[in-house]
Structures are given as structure tokens and as C-alpha cells.
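Residue strings, one per chain:
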Amino acid sequence: MTPTPLTDLLGFDPHLVTLALAPAFMLAMAGEFWHLRRPGKGRDSASYTWVDTLSNMTLAGLYQAGDVLAALFTIVVYNAFFDFRLFDIPFNAWTVALLFVVQDFFYYWFHRAHHRIRLLWCSHVVHHSSEKLNLSTAFRQSLTYPITGMWAFWLPIVLIGFPPETVIFAVAISLAYQFFIHTQVVDRLGPLEWILNTPSHHRAHHGRNPEYIDRNYGGILIIWDRLFGTFVEEKETPRYGIPERIKSHNPLVLTFHEWQAMLADLARPGFTLKQRLALLAGSPEAAATIRQAALRRREASDMESGEEGQTGMERVKGIEPSS
């Protein structure tokens, strides 16, 4: 990656920002854990358990391993696209501020796509699968994000003319910020609720209550949700997890269960090409509807086969079937 003043300013590769912040993450988790152990300070859904926390940390390790390998590919691709940039954007305080806004806009669409396209949801569902919400939940990520093209959503920013390492830095800072909103300890933040993605907004995002599903996609800012009609305010206490609840803490099951379900759907006979495309690229709800319709057709077919068999037996006995 071509060096820029950002490397000199930070003193390390911007790709390592989240790793550099690891001590702050661990300290925050320890503080939250201590706070929640005090009587009356937290719901059961906020509590830390060994099995859930260990699962989250293992998933984080798998995600980081995949991210290291993907970074080698991402750097090459970003630098190649940067050669075709539209503008030469200087490095200063104003352009860095602009970059954070632009990055957040593209993060919104990355996040929304990973909820609304079944193939992409196969990766993102891992993050939503826990029925608890505390700071350790932020570590619950999928190593399959490179397969579903997480890196591709920021290519337009590189093409605009922002240097690749500054784009990677902005994404890393966004993800670091989002670590701190995975909590039930912090209540509403007053006027900041209008602009920032806050713990309250993100609690709603993680809720499986019908009114909360597929809402509040913002990264650092909540303004995109307000602008594009996906904002919802936290009112009813969220119930965390996914509608089709998964009762497992096995990191491999959590990582691949939706991939397995999607491939099983695609392998089933009797679907048209249009239906198979919907199972792959439609919303998770569309896939469920197609799958349920196929199940009803199969049950109806089984019933008809059973009735025909019964009719044949009655005729052999010389008995007319009843009307």
C-alpha cells in the first residue's frame, strides 16, 4: 500500500487500529462486567456468561484470521482502483472529516445489504445470533465476510480519490466506535440521539421484536436511517437474537448454519430459476416464504398420493369411495 501522511501521523499501519485499541475494549468489558454484577444493575440479557463470552471471543479470533488473509487481497485491489481515481484529494483535517461522513454513508448501505440479501445475511447473521447484548457481542463476527464482499462496499470511496489506507483507517474507526454501542448499561444520550448511532438505537437494531427487525443500520451516524426511512426508536424492551433462534454456542455452527440452510434450499428440487435466484439474492423473508410454499406443496402432494392409494384399495375390495 502506498504510504501517506496518515502512516507517519499514527506511527503504525492503519489496518491495525482495532488491534491497537484492544486494551481499551478489554478494559471497557471489564468495567461493564463489574457494573452488571452489582444488584439490580442489569437484565439477564445483558449478563456475561462463560459460554456466550467464550463463543464471542472465538468468533472474533476466526474473523481476525480471515481478515488478515483478506487484507492482502484488499490492499492490492484498492491500490489498483486508486490508479483510476477521479480526484486527487489532499490529506488535511477537512478531507479527513469528509471521509468519515462518506465512509459512514457507504457503511449504511453495506449494513443494509447484509440484512436484505440472503447471501450476504449468511455472514451477518452470526453477529445477531446471540440472545444477549453486552460489549462482548461486538466481537461476534463472521470469518466469511470476505466471501460476501464486505471490502467491495468501500471501493467507490477509493475511486473518488481517498487514499486506500485512509479509507481502511476510517472503516476501522467506525467499527471501533460501534464496539461501545453494544451495551445495555448506557441509557439515552439526549440531543445526540438525533445525530449519532447510540446504544439505544443499536439495542433496537439487535432486537428480534417485529418492529425492530431490519432497522437502524447506521455506523457512527443515525442520520442515514432517518433520511432513508429505516429508523426506529427504542420503546419496547428488545428481545435479542434472530427470529429462527439457534440454540448453539459452537463457533462453527454459528458461522456456517445459514450457509448450510441456503445451500440446502438451493439443492431442493422443484424450484424455478427465478425462485432459486430469490433464495440466493432475495431477502431472508422471501427465502422463508418460498421454502414454506414448497413445503405446503409437498404436503399437499403427499396427501393426494395417500388419497389415491386409499381409493385404489377400496376399488379392489369392490367398495366405492365415499364422497
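Conventions adopted
- Residues numbered from 1 in each chain as written.
- Predicted model: local features only at pLDDT ≥ 70, side-chain atom pairs only at ≥ 80, totals over all residues.
- Heavy atoms only, no water.
- Helix = DSSP H or I, 4+ residues; strand = E, 2+ residues; numbered from the N terminus.
- Buried < 20%, exposed > 50% of the residue type's maximum accessible area, 1.4 Å probe, protein only.
- Contact = heavy atoms within 4.5 Å.
- Areas by Shrake-Rupley, 256 points an atom, 1.4 Å probe, with all protein chains shown as cover.
- Axes fitted to C-alpha atoms, helices over the stretch in contact; angles between N-to-C directions.
- Parallel < 35°, antiparallel > 145°, perpendicular 65-115°, else oblique.
- Salt bridge = Lys/Arg side-chain N within 4 Å of Asp/Glu carboxyl O.
- Phe/Tyr/Trp six-rings, centres within 6.5 Å; stacked < 30°, edge-to-face > 60°.
- Lys NZ or Arg CZ within 6 Å of the ring centre and 35° of its normal.
- Patch = residues over 30% accessible without salt bridge, like charges linked within 9 Å, V, L, I, M, F, W, Y side chains within 5 Å.
- Core = buried A, V, L, I, M, F, W, Y, C linked by side-chain atoms within 4.5 Å.
- Polar contact = N/O pair within 3.5 Å; in protein donor to acceptor, adjacent residues only side chain to side chain.

(A) Up close: the overall build of the chain. Tallying secondary structure elements over the chain gives 13 helices and zero strands in all. Tracing the chain from N to C terminus, the helices and strands come up as α-α-α-α-α-α-α-α-α-α-α-α-α. Evaluated residue by residue, the chain yields a buried proportion of 44% over its 323 residues. Partitioning the contacts of the chain with sequence separation of at least 6, the portion at a separation of at least 24 is 73%. Entry remark: accessible area of the chain is about 16,900 Å², with carbon and sulfur atoms responsible for 67%.

(B) View of the side chain of Asp214. Along the polypeptide, Asp214 turns up in the loop between helix 9 (199-206) and helix 10 (223-228). Residues in contact with Asp214, not counting those within four places in the same chain, are His115, Arg116 and Glu285.

(C) Representation of the packing of helix 11 (residues 251-267) against helix 12 (residues 273-281) within the structure. Across the interface, helix 11 lies against helix 12 with an axial gap of 10 Å and an inter-helix angle of 180°. The orientation of helix 11 relative to helix 12 falls into the category roughly antiparallel. Facing Met262, Asp265, Leu266 and Ala267 of helix 11, the residues of helix 12 in contact are Arg276, Leu279 and Leu280.

(D) Region of interest: the pattern of salt bridges. For the structure shown, the criterion picks out 16 salt bridges. Glu285 serves as the salt-bridge partner of Arg116, at 2.9 Å between the closest nitrogen and oxygen. One end of the pair, Arg116, is in helix 5 (residues 93-116); the other, Glu285, is in helix 13 (residues 284-316), and 169 residues separate them in sequence. Between Arg203 and Glu234 there is a salt bridge, and its shortest N-O distance comes to 2.9 Å. With Arg203 in helix 9 and Glu234 in the loop between helix 10 and helix 11, the pair connects residues that are 31 residues apart, well separated along the chain. Comparing Arg203 with Glu234, the two get one shared label, buried. Residues participating in the shared-partner salt-bridge network are Arg118, Glu244, Glu258, Asp265, Arg268 and Arg291.

(E) Focus on the packing of aromatic side chains. For the structure on display, the rule yields 22 aromatic pairs. Ring centres of Phe105 and Phe106 lie 5.5 Å apart, and the angle between their planes is 85°; this geometry places the pair in the edge-to-face category. Judged by its relative accessible area of 28%, Phe105 is partly exposed. A ring pair is formed by Tyr108 and Trp109, whose centres lie 5.0 Å apart and whose planes are at 90°; its orientation type is edge-to-face. Through pairs of rings, three or more aromatic residues link up here, namely Phe105, Phe106, Tyr108, Trp109, Tyr217, Trp224 and Phe228. Its guanidinium or amino end placed over the ring of Phe82, Arg85 lies 4.2 Å from that ring's centre, counting from NZ or CZ. Above the ring of Phe231, the side-chain terminus of Arg226 is found at 4.0 Å from the ring centroid.

(F) The arrangement of unusual backbone geometry in detail. In this model, Asp214 sits at a positive phi of 60°, which is unusual for a non-glycine residue. For Asp214, a relative accessible area of 16% puts it in the buried group. With a phi close to 55°, Asn216 is a non-glycine residue in the positive phi region. Tracing the backbone through its elements, the reader meets Asn216 in the loop between helix 9 and helix 10. For Asn216, a relative accessible area of 0% translates into the label buried.

(G) Molecular detail of a nonpolar patch on the surface. Together, Val185, Val186, Leu189 and Leu192 make up a nonpolar patch on the protein surface, roughly 270 Å² of accessible area in all. Relative to the assigned elements, Leu189 resides in the loop between helix 8 (164-179) and helix 9. Residue Leu189 is classed as partly exposed on the basis of its relative accessible area, which comes to 34%.

(H) Looking closely at the packing of helix 4 (residues 50-82) against helix 11. At a closest axis distance of 9 Å, the pairing of helix 4 and helix 11 adopts a crossing angle of 65°. Across from Ser55, Thr58, Leu59 and Leu62 in helix 4, the residues of helix 11 making contact are Pro251, Leu254 and Thr255.

(I) Representation of the nonpolar core. Counting 20 residues, the largest nonpolar core has Tyr78, Leu99, Phe110, Met150, Trp154, Ile157 and Val167 as its most contacted members. Secondary structure elements with two or more residues in this core: helix 4, helix 5, helix 7 (155-160) and helix 8. Ranked by the residues each element gives to this core, the list is headed by helix 5, at five residues. When near neighbours in sequence (up to four residues on either side) are disregarded, Tyr78 contacts Trp151, Trp154, Leu155, Val158, Pro164 and Ile168. One finds Phe25, Met29, Ala138 and Phe139 within the second-largest nonpolar core, a separate group that totals 11 residues.

(J) Looking closely at the environment of Asn197. Along the polypeptide, Asn197 turns up in the loop between helix 8 and helix 9. Separated by 26 residues in sequence, Asn197 and Ile223 place their C-alpha atoms 8.4 Å apart. Residues contacting Asn197, with those up to four places away along its chain left out, are Tyr177, Ile181, His202, Gly218, Gly219, Ile220, Leu221 and Ile222. In this structure the side chain of Asn197 is engaged in a polar contact, spanning 2.9 Å, whose partner is the backbone oxygen of Gly218.

All quantities given are derived from atomic positions and should not be read as evidence of function.
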